[in-house]
Amino acid sequence: MSVTGVAAAAFAGSAAWLVVGRDRGQRRARAVLAGGGEVGPEGSAWRRVKLRVSARGRPEWWALAGGAAVALLGESLVPLALGAAGVPLMRRVRRGRDARLDGERRATAVIALCGALAGEVRAGRQPGEALRAAAATEDEPGLAAGPGPGPGAGAGLGEGRAGVLAAARFGGDVPGALEEAAREPGAQGLAGLAACWRVAVDRGAGLAAGLERLEGALRAERDQRADLRAQLAGARSTAVMLAGLPALGLLMGSALGAAPLRVLLHTGAGLGCLAVGGALEGAGVWWALRIVRGAEER
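Residues numbered from 1 in each chain as written. Predicted model: local features only at pLDDT ≥ 70, side-chain atom pairs only at ≥ 80, totals over all residues. Heavy atoms only, no water.

(A) Looking closely at the nonpolar core. Counting 33 residues, the largest nonpolar core has Leu117, Leu131, Leu157, Leu178, Leu190 and Leu193 as its most contacted members. Going through the elements one at a time, α4 (78-122), α5 (127-134), α6 (161-170), α7 (174-181), α8 (189-203) and α9 (207-243) are the ones with two or more residues in this core. Setting aside chain neighbours within four positions, we find Leu117 in contact with Pro127, Ala130, Leu131, Ala134, Leu193, Trp197 and Leu211. Core analysis: the second largest hydrophobic core is formed by six residues, Ala63, Leu64, Ala71 and Leu80 among them. (Core = buried A, V, L, I, M, F, W, Y, C linked by side-chain atoms within 4.5 Å. Buried < 20%, exposed > 50% of the residue type's maximum accessible area, 1.4 Å probe, protein only. Helix = DSSP H or I, 4+ residues; strand = E, 2+ residues; numbered from the N terminus. Contact = heavy atoms within 4.5 Å.)

Next comes the structure, spelled out in structure tokens:
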């Protein structure tokens, strides 16, 4: 079988896999939509599209499909190998992005938990009963991946929810359970809640006042992070745009009849330029994004 035939077969297999994954994602999205309540007429189609895309959750396989397409055009297996090598890298990027989004949602839920708990205490409930009432609010199904209400206060406890509620119900070590739950990414605010709880119980200080101050501090920190991320969005977009310029150059060369893919994939000098240019391109993107991430962390 010729190189073109191998590349065509690989591309066809990748396309078939993506179609199957899309069908499965659509079934999962329909299940989510079925249990997520009614969706209003405004923006319902857009929300359905977003839910279907997020339900698939495998965008990294587009690297393999793109490599197969370039391999078919350039009559070489090198792009197919590069596309296959890019799958685990894109999977790592996707998982990091998902972890960051989960942390942001959890941080928002912690703020909601502090506000709800302060309101319950102001209403006259005991701390343990107030914590159970505040944590009773769960995430609204089907809205976590799209616009709309954020996670409920109960989601702020994360996987440590059962331990915290058990400690509150049976007179256990609630601050210890909160500190244990604070180890999850984005739930660091629970450590402040544990400190407020400990001071209120041991010294008789006002729990509601401490919780309101903690909520304000966490909210201000979240807003500051969002503002910094918005300011750095331009730098990140510039880095990504510059990374795509070589592909634009290949397109322009093909339009002028220079056959850049044949030169890159079928000559020794072209393969050398491809290896060196790819290494420099990857190092440049990694360094630029590392600078942006460092600024966000500080």
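Now that the structure has been shown, the text picks up again.
(B) Highlighting the pattern of salt bridges. Under the criterion given, the structure shown has 16 salt bridges. One salt bridge in this structure joins Arg105 and Asp102, with 2.4 Å as the shortest N-O distance. Of this pair, Arg105 and Asp102 both sit in helix α4, separated by three residues, roughly a single helical turn. A salt bridge links Asp223 to Arg222, with the shortest nitrogen-to-oxygen separation between them at 3.6 Å. Here Arg222 falls in the partly exposed class, since its relative accessible area comes to 25%. Via salt bridges that share partners, Glu60, Arg91, Arg94, Arg97 and Asp98 belong to a single interconnected network. (Salt bridge = Lys/Arg side-chain N within 4 Å of Asp/Glu carboxyl O.)

(C) Local environment of the packing of aromatic side chains. Counting across every chain of the model gives one aromatic pair. Ring geometry for Trp286 and Trp287: centres 6.0 Å apart, planes at 45°, overall tilted. (Phe/Tyr/Trp six-rings, centres within 6.5 Å; stacked < 30°, edge-to-face > 60°.)

(D) Region of the structure containing α5. When we look at burial in α5, the residues that qualify are Gly128, Ala130, Leu131 and Ala134. The arc enclosing the buried residues of α5, seen along the axis, measures out at 165°, which places them on a common side. (Arc of directions from axis to C-beta.)

(E) Spotlight on the packing of α6 against α7. Where α6 contacts α7, the two axes come as close as 9 Å, and the packing angle between them is 175°. As judged from the angle between their axes, α6 and α7 are roughly antiparallel. Of α7, the residues touching α6 (which contributes Gly163, Val164, Ala167 and Ala168) are Val174, Ala177, Leu178 and Ala181. (Axes fitted to C-alpha atoms, helices over the stretch in contact; angles between N-to-C directions. Parallel < 35°, antiparallel > 145°, perpendicular 65-115°, else oblique.)

(F) Representation of α4 within the structure. Taking 1.5 Å per residue, 45 residues should reach 66 Å; α4 reaches 66 Å between its end C-alpha atoms and fits that length. A maximum bend of about 30° is found in α4 at Val87, where proline Pro88 lies one to four positions downstream. Of the residues flanking the end of α4, it is Gly124, one or two places downstream, whose phi is positive at about 105°. (Expected span 1.5 Å × (residues − 1). Bend = angle between axes of the 7 residues up to and from the residue.)

(G) Molecular detail of unusual backbone geometry. Phi is positive for Glu75, close to 55°, though the residue is something other than glycine. Among the residues examined, Glu75 registers a relative accessible area of 35% and is labelled partly exposed.

(H) Just a nonpolar patch on the surface, in detail. Residues Met241, Leu242, Leu245, Leu248, Leu251 and Met252 make up a contiguous nonpolar surface patch of roughly 620 Å² in combined accessible area. Residue assignment for the nonpolar patch shows that the elements contributing at least two residues are α9 and α10 (245-255). The element contributing the most residues to the nonpolar patch is α10, with four residues. (Patch = residues over 30% accessible without salt bridge, like charges linked within 9 Å, V, L, I, M, F, W, Y side chains within 5 Å. Areas by Shrake-Rupley, 256 points an atom, 1.4 Å probe, with all protein chains shown as cover.)

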